[in-house]
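# Understanding the architecture of this molecule
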Amino acid sequence: MTSPSLLPEGLRDRLPPEAEALGRVRGAVLTTTELNGYARVEPPLAEFETTLLGRLKSSRGTDLLRVIDPISQRTLALRPDITAQVGRIAATRLAHRARPLRLCYAGQVLKVRGTQLRPEREMCQAGAEIVGTDAVPAVIEAVRVALDALAAAGATGLSVDLTLPDLVATLAAGPMPVADVDAVIHELDGKDAGALAALGATAYLPLIEAAGPVDAAIERLSAIDSGGILASRLAGARAIADAIGGRATVTLDPTERHGFEYQSWIGFSLFADGVRGEVGRGGAYSIVHPDGREEPAVGFSIYLDPIVDAGVAPHGRDRVFLPLGTEGQVAGTLHAQGHATVAALSDADDAAALGCTHIWAGGALQPL
Ligand SMILES: N[C@@H](Cc1c[nH]c[nH+]1)C(=O)O
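Below: a short report on this structure. Just so you know, these numbers come straight off a predicted model, no measurement behind them.

Bringing the pattern of salt bridges into the picture now. Within the structure shown, the criterion is met by 17 salt bridges. Among the salt bridges present, the one from Arg40 reaches Glu42, with a minimum N-O distance of 3.0 Å. Note that Glu278 is salt-bridged to Arg281, the shortest N-O span being 2.8 Å. Among the residues examined, Arg281 registers a relative accessible area of 17% and is labelled buried. In this structure, a network of salt bridges that share partners links the residues Arg12, Arg14, Asp305 and Asp309.

This part covers helix α4 (residues 136–152). If you check α4, its first and last C-alpha atoms are 24 Å apart, about what 17 residues at 1.5 Å a residue would give, namely 24 Å. Among the residues of α4, those classed as buried are Ala138, Val139, Ile140, Ala142, Val143, Val145, Ala146, Leu147, Ala149 and Leu150. Trailing α4 by a residue or two, Gly154 shows a phi angle of about 100°, which is positive.

Position of Gly259 among the secondary structure elements: in the loop between β9 (249–252) and β10 (267–271). According to the relative accessible area criterion, Gly259 is partly exposed, its value standing at 36%. Considering only alpha carbons, one finds Gly259 and Gly54, 205 residues apart in sequence, at a separation of 17 Å.

Turning to the side chain of Thr33, a few remarks are in order. Structurally, Thr33 can be placed in helix α1 (residues 18–35). Look at Thr33 and you get buried, because its relative accessible area is 0%. Within the structure, Thr33 has its side chain in polar contact with the backbone oxygen of Leu30 (distance 2.9 Å). In this view, Thr33 contacts Tyr38, Cys104, Gly127, Ala128, Val145 and Phe300; residues no more than four positions away in its chain are not counted.

Calculation criteria
- Residues numbered from 1 in each chain as written.
- Predicted model: local features only at pLDDT ≥ 70, side-chain atom pairs only at ≥ 80, totals over all residues.
- Heavy atoms only, no water.
- Salt bridge = Lys/Arg side-chain N within 4 Å of Asp/Glu carboxyl O.
- Buried < 20%, exposed > 50% of the residue type's maximum accessible area, 1.4 Å probe, protein only.
- Helix = DSSP H or I, 4+ residues; strand = E, 2+ residues; numbered from the N terminus.
- Expected span 1.5 Å × (residues − 1).
- Polar contact = N/O pair within 3.5 Å; in protein donor to acceptor, adjacent residues only side chain to side chain.
- Contact = heavy atoms within 4.5 Å.

The values reported here are purely geometric and, on their own, carry no functional implication.
Now the structure itself:
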């Protein structure tokens, strides 16, 4: 028999105190984006599958959890990523707004499958998007705001792994032709030199070796860039690395494609000390307007759950136990000072067992 408390695989309840920690992390990220001029949007949890797909160039729909809506008789999809919804909003209801358009968001997303590292299928994602440009200054702003948001959320020891998501397609269409681009991308993703050779793509082997600290990686890539086709991308990566180098360790892995479905000339993964796997991701991409016009954009998403799971979220309020008979105005005074209060309802109430950090005694706060 299934236990009544059992949830579907990959879904979980957040209980105290982690639920509150998630709220604080979410608040910290949103405050950072709002302070940097990003206006908040709240797209719905589900929408028509057709509006969720196709708005971002090159996005696929493999990760969608779908339901049939009895009202519209159409297929709805639960959002796996809020960036696509921001793209839809920017291309439709906010198409008339001045560019660059800066939008931010936070909310739950759901994927069909978790990963080995992260089996959860539901996650809280918060982030920001700049619509109207994907030029280097915009990418630098996106990475900087992402690092500020991570720091505000309590993450330390930050690193940024840059990648060039459309690199292989660009090389394959130019100086390094191959019969099967997708197969080459796949083998580069797995860093499988033998399989690449078998595909007749030995010219791509140096890309695997180029991964590493950003200076050395750019140097190695420049050496194989005979036609100069990579020059603008490498100059961009150099400028981004220079702009953020003091704040985070920067590496470049030119063939990392995993999770970069729709990103174009530049992508980045964010990591933090003590947090398992990526703590965020971002990059440049194109939004497709209803008339077919493409608009450049760049942004980032931070995954809040791993930050909470790592226990680095900012501390919550002190919880002050108010014994029976505490005067009425004390709670209000403590609230105004930023403390939470827990009022005793009987003599039997136990401050420590109720998770209090302090007790109100003798007219003052006493630590427990
Ligand atoms: N939403 C993307 C990251 C991103 C935001 N903007 C551009 N890319 C993700 O979660 O993978």
